[in-house]
Amino acid sequence: MSPTASDTDTEAEPPPGDDTAFFGQPRGLLTLSGLEVWERFSFLGMQAILVLYFADTVAHGGMGMDPGTAASVSAAYGTLVYLVSVAGGWLADRILGSYRAVLWGGILIACGHYSMAVPTPTMTWVGLGLISAGTGLLKPNVASMVGKLYRTDDERRDAGFALYYMGINIGAFAGPLITGWLGDHKGWHWGFSAAAIGMTFGLIQYVAGRRHLAGRKRTAEYALPPEGLRRAVRLMIIGALVVAALAVLLALVGWLTMDRFVDCLTVISVIAPIVYFAVMFRSPRVTAEERGRLRPYLVLFVASVAFNFILFQAYSTMMLLASTNAETTILGFHFPASWYASALGAFEVALAPVVAGLWARMGPRQPHASNKIAIGVILGGLSFLLMVLPTSGHGDDTYKMAVWWIVGSYLLLGLGDILVETSGMSATTKLAPKAFASQTMSLWFLSLALANGIQAQTVKLYGEVSNPAYFGVNGAIAIAVGVAVIALAPWLRRTMHPVH
């Protein structure tokens, strides 16, 4: 039976303000947070061991890359994941709708992890491609669906995003524990198998709780007309075939090496947000008021790049540092180096409800979103500056730092992540032009793509320069960006209405 107009309108509207079934939040938040628990379990569980798998010897089941290359390729994969999110936002807005985009994204992610469970290099690359495509569909749209649970003036919004982010980090905590242990004791591809099972659980609970989701339309909010849809599908198919054929040709003639592929992704990660901002600023569907709110969003975009450049190295250079120069024994108990990544998730699980409660208690007296983000960026920079201390004053690279140095760094980084990502995603859903709702969330993820693109080049210096210089310079740059955002706070408060 086809849905009536009233059914469709009900699905599109946020739930009433008295829907407080989930810790004072709409019950749909439980469904979306549950999905993110398992999606992050699979994604970050795999990410925690990916760089170690790349850097491990072929004889031990790895790919045999040197550390700098392993970190660079891992960052390039992250770049690709978030670049694809632009297409994911557009597909949701124009063709699939948010609910179906998230569903199909989850299916692709699960298939990708199952592919990586097959112990061959070819299936590893196939799996990473599927995960990139699936995450690009899922990530921007599930975050937009969280925003649709609230009206713009609902003061529960920031607290809701903090709880949602706590769900993300339950998965971020549990994933590396399981995949890391399996990778260390059974083999890397056993760890990838656990990630596949986790994503399957996430899909099951998402479908089971779909009735509680706002915006669960059967069609896209800004659907293309039939002729436009057919043309878009034709162009997508032709474009995919052309890109695939060109990539194969360039690889066969020896031009498309791994290093050049990484460089191409970095260039695209720089160009894409510039083009995307230009399109939105010039679009006739964006009102003058909405265009005015995009200007301060540029500042938040740069802050996100600076912070996430540090954050993503928790799964690349910090993992490599932990595997070679950090203790992996506590009170006689040996643990895999990848378990350090779980410390980041654990801190965010513990601190997210504290932050959510604090914002809810403060209500309209809470700090402005730009100040929350600036403080988070500064904390990210401090997490790297902290690593200067234990890596300094050594004659060679045989030293072992105490566990608490990396744990302390992840504590600062975890608190910063809560402030930046929850406030950033919440502000994005408020500042988004109506005609670019899901795609503006994709623009936030393009900041993550750019952070990874820059990281893909910078991490090549890891091992080439001293560790104190590497961590010190990168940390100082992030702190400088955070201070600059604080200096711009008066202008941001004036121009970011309705963000408070």
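The residue numbers shown here count from 1 along each chain, following its written sequence. Residue-level local features of this predicted model are given only where pLDDT is at least 70; pairs of side-chain atoms are given and counted only at 80 or more, and the full residue set underlies all totals for whole chains, interfaces and linings. Derived side-chain values reflect all non-hydrogen atoms in the structure, with water molecules and hydrogen atoms excluded from consideration.

1. A short note on the packing of aromatic side chains
For any two aromatic rings, the description comes down to two numbers: the centre-to-centre distance and the angle of the planes. Pairing of aromatic side chains here covers Phe, Tyr and the six-membered ring of Trp, requires ring centres within 6.5 Å, and sorts the geometry by plane angle: under 30 degrees stacked, over 60 edge-to-face, intermediate tilted. Under the counting rule described, the total for this entry stands at 17 aromatic pairs. Considering the side-chain rings of Tyr82 and Phe312, the 5.8 Å spacing of their centres and the 25° angle between planes classify their relative orientation as stacked. Within this pair, whereas Tyr82 is found in helix H3 (residues 67-96), its partner Phe312 is found in the loop between helix H10 (288-311) and helix H11 (317-325), the two being separated by 230 residues in sequence. With respect to class, Tyr82 is no different from Phe312; both count as buried. Counting every residue linked through ring pairs, the aromatic cluster contains Tyr53, Phe54, Trp125 and Phe192. Note on conventions: DSSP H or I runs of at least 4 residues are helices, E runs of at least 2 residues are strands, and numbering of each starts at the N terminus. Think of it in three bands: residues with accessible area under 20% of the maximum for their type are buried, residues over 50% are exposed, and the middle band is partly exposed, with areas taken using a 1.4 Å probe on protein chains only.

2. A short note on helix H12 (residues 340-362)
A helix is expected to span 1.5 Å multiplied by its residue count minus one. The first and last C-alpha atoms of H12 sit 33 Å apart over 23 residues, in line with the 33 Å expected at 1.5 Å per residue. Fitting axes to the seven residues that end at a residue and to the seven that start at it, the angle between those axes gives the bend at that residue. The largest bend along H12 measures about 30° and falls at Leu351, with the proline Pro353 one to four residues further on. Looking only at H12, the buried set comprises Tyr340, Ala341, Ser342, Ala343, Leu344, Gly345, Glu348, Ala352, Val355, Ala356 and Trp359. Following H12 by one or two positions, Gly363 adopts a phi angle in the positive range, close to 55°.

3. Thoughts on the packing of helix H2 (residues 28-55) against helix H5 (residues 121-147)
Direction vectors running N to C along H2 and H5 enclose 150°, while the axes themselves pass 11 Å from each other. Classed by the angle they form, the pair H2 and H5 counts as roughly antiparallel. Crossing hand, H2 versus H5: left-handed. For the pair H2 and H5, contact is made by Leu29, Leu32, Leu35, Glu36, Glu39, Arg40, Phe43, Met46, Leu50, Tyr53 and Phe54 and by Thr124, Trp125, Leu128, Ile131, Thr135, Leu138, Lys139, Val142, Met145 and Val146, respectively. Under this scheme, a helix contributes an axis fitted over its contacting stretch, all axes are lines through C-alpha atoms, and angles between N-to-C directions fall in the 0 to 180 degree range. The labels follow the angle: roughly parallel below 35 degrees, roughly antiparallel above 145, roughly perpendicular from 65 to 115, and oblique for the rest. Note on convention: the crossing is left-handed when the near helix lies turned anticlockwise from the far helix by less than a right angle, right-handed when the turn is clockwise. Whether two residues are in contact is decided by their heavy atoms: any pair within 4.5 Å suffices.

4. What about the pattern of salt bridges?
What counts as a salt bridge is simple: a side-chain nitrogen of Lys or Arg found within 4 Å of a carboxyl oxygen of Asp or Glu. By the definition in use, this model includes three salt bridges. Ionic pairing is found between Glu36 and Lys139, a salt bridge with its closest N-O pair at 3.0 Å. Of the two residues, Glu36 is situated in helix H2 and Lys139 in helix H5; the sequence distance between them amounts to 103 residues. Overall, the relative accessible area of 0% leaves Glu36 in the buried class.

5. Points about the environment of Gly88
By the secondary structure assignment, Gly88 is in helix H3. What makes Gly88 buried here is its relative accessible area of 2%. Each C-alpha atom, one on Gly88 and one on Gly105, is 8.6 Å from the other, the two residues being 17 residues apart in sequence. Beyond its immediate stretch of four places on either side in the chain, Gly88 contacts Gly136, Leu137 and Asn141.

6. Some details on the layout of surface pockets
For the largest pocket, the calculated volume is near 1,200 Å³. Leu80, Val243, Ala247, Phe261 and Leu265 are, among the 31 residues lining the largest pocket, the residues nearest its centre. Contributing elements (two or more residues each) for the lining of the largest pocket: H3, H5, helix H8 (226-252) and helix H9 (258-282). Considering each element in turn, the lining of the largest pocket owes the most residues, ten residues, to H8. The way it works is a 1 Å grid over only the protein atoms, where trapped points that fit a 1.4 Å probe form a cavity and open points with protein on both sides within 12 Å along at least five of seven lines form a pocket, and then any residue with an atom within 4 Å of a point lines it. Grid points are joined across faces, edges and corners, and a volume is the space filled by probe spheres set on the points.

7. Thoughts on empty space enclosed by the protein
Going through the model one piece at a time under the given rule, you end up with two cavities of 30 Å³ or more. Space inside the largest cavity adds up to approximately 280 Å³. What lines the largest cavity is a set of 25 residues, and nearest its centre among them are Arg40, Tyr82, Tyr165, Leu311 and Asp417. Looking at the lining of the largest cavity, the elements with two or more residues in it are H2, H5, helix H6 (157-185), H10, H12, helix H15 (403-431) and helix H16 (437-458).

8. Re the environment of Ser115
One can find Ser115 in helix H4 (residues 98-116). On a C-alpha basis, the gap between Ser115 and Trp125 in space is 8.8 Å, while along the polypeptide they are ten residues apart. In contact with Ser115, other than residues within four places in its own chain, are Met123, Val126, Gly127 and Leu130. Whenever a nitrogen or oxygen atom comes within 3.5 Å of another N or O atom, the pair is scored as a polar contact, on the condition that within protein one atom can donate a hydrogen and the other can accept it, and that pairs from neighbouring residues in sequence are kept only if both atoms are in side chains. From its side chain, Ser115 meets the backbone oxygen of Cys111 in a polar contact 2.9 Å long.

9. Focus: the confidence of the model for the chain
The quantity known as pLDDT measures the predictor's confidence residue by residue, on a range of 0 to 100. When the pLDDT values of the chain are averaged, the result is 82; 90% of them are 70 or greater. The least confident element of the chain, judged by mean pLDDT, is helix H1 (residues 5-12) at 44; the most confident is helix H17 (residues 467-487) at 93. Segment residues 1-10 is flagged for pLDDT under 50; beyond a separation of four residues in sequence, or across chains, it makes three contacts in the model.

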